[in-house]
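Given next are the chains, with one letter for each unit.
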Amino acid sequence: MKIAHLILAHKNPVQLERLIKALQHPAFTFYIHVDKKTDQKSFEYLRKRNDTFFVVNRAKIYWAGYGTIQATINGFEEIIGKGYDYINVISAQDFPIKSPVYIYQYLLQRGNTEFMTCYSIDEEWKDAATRVRDYHFINWRIPGKFKLQFLANKILPARKFPFDFKIVGRANWFTVTNAAAVYMLSFFKQNPSYTQYFKYCWGADEFIFATILYNSHFKERMAENLVYVDWEGQENGHPRVLDINDFDKLKASEKLFARKMDIDHNSALFDALEHLIKED
């Protein structure tokens, strides 16, 4: 089995390098998408690694906008067809909490499982419904866009989702089989109205991929994603930045990765996790 790790990065190449080194395994290859707004020169030294490649077709990424989706699609397009069994989509601010050998065996033993969290916006995640059903102009780069957004939601007819789908999601970080990635790319190409709808959602990356798979024959093999995240006390749309005080929780977790990590915020946690996964 071969696994491609698609890593979305926008800063701190040293932290990214530690992530790659912590995940090093004969079956793993790394595809790095550097935000197009970021000068890639500081990351270029990573090309010296024979297991690391850069996504050529880069997208500009803005928080909660469509860029994260486009970056993931671009990565898929450059990974598919190269013999990988799984594609693991993570951020450069993630870090493994299990060893590469454990991660490899975990995926090998679970065969064709698609690890993508799916909460319904009508049931388990009702707070997210307005993010999908209202007009959001997050992708517009013009002054006054939020006033226009307010007026649009006040005077325009209610948005109509173009498919008879159950809308689900939660996290934009996931691990899917090559077959699922191929299916999603095909769906995007065949259904431009689907993409157009989500371009007017807020944080659409947390819904757009999950909704496709959930409403397909892949549904029966979907499971929770593999990333530990702490949202406790967070009200700004960003998870907590983890620190060394979270180590025991991470050690006890059944997840394979943790986020959000910042080496400038707490390098001690990186040291502790590197030591942990060496012993795993």
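Cut-off values and rules
- Sequence order sets the numbering: in each chain, residues are counted from 1 along the sequence as written.
- Predicted model: local features are reported for residues with pLDDT of at least 70 only, side-chain atom pairs are reported and counted for 80 or more only, and whole-chain, interface and lining totals are derived from all residues.
- Note that the side-chain values use all heavy atoms of the structure and ignore hydrogens as well as water.
- Numbered from the N terminus, helices here are DSSP runs of H or I no shorter than four residues, and strands are runs of E no shorter than two.
- The globule rule used for comparison is 2.2 Å times the number of residues to the exponent 0.38, while the radius of gyration itself is calculated over C-alpha atoms.
- Three labels apply to residues, based on accessible area from a 1.4 Å probe with only protein chains included: buried if under 20% of the type maximum, exposed if over 50%, partly exposed otherwise in between.
- What makes two residues a contact is simply this: any of their non-hydrogen atoms within 4.5 Å.
- For the purposes of this analysis, a disulfide is any pair of cysteine sulfur atoms at a distance within 2.5 Å.
- Given the number of residues in a helix, its expected span is that number minus one, multiplied by 1.5 Å.
- Picture the helix axis, draw a direction to every C-beta atom, and the arc is the one those directions span.

Let's shift gears to the overall build of the protein chain. Along the backbone of the protein chain there are 10 helices and 12 strands. For the protein chain, whose C-alpha radius of gyration is 19 Å, the value lies close to the compact-globule estimate of 19 Å for 280 residues. Principal-axis analysis of the C-alpha atoms places the extent of the protein chain at approximately 60 × 40 × 35 Å. Residues classed as buried in the protein chain amount to 56% of the 280 residues present. Residue pairs at least 24 apart in sequence account for 74% of intrachain contacts in the protein chain once pairs closer than 6 positions are excluded.

Evaluation of the coordinates by the stated rule reveals 0 disulfides. Free of any disulfide, Cys118 has its nearest cysteine sulfur in Cys201, 16 Å distant. With a relative accessible area of 1%, Cys201 lands in the buried category.

The residue Thr113 is located in the loop between helix H3 (100-109) and strand E6 (114-115) in this model. The class of Thr113 is buried, set by a relative accessible area of 17%. Residue contacts for Thr113: discarding those within four places in its chain leaves Tyr86, Thr175, Thr177, Arg221 and Ala223.

The subject of this paragraph is helix H6 (residues 178-190). Taking 1.5 Å per residue as the helical rise, H6 with its 13 residues ought to reach 18 Å, and the 18 Å between its terminal C-alpha atoms agrees with that figure. Along H6, the positions that sit buried rather than exposed are Ala180, Ala181, Met184, Leu185, Phe187 and Phe188. Taken around the axis of H6, the buried residues stretch over an arc of 160 degrees, which confines them to a single face. Opposite its buried face, H6 presents the exposed residues Lys189 and Gln190, each directed more than 90 degrees away.

Read these as spatial facts, not as claims about activity.
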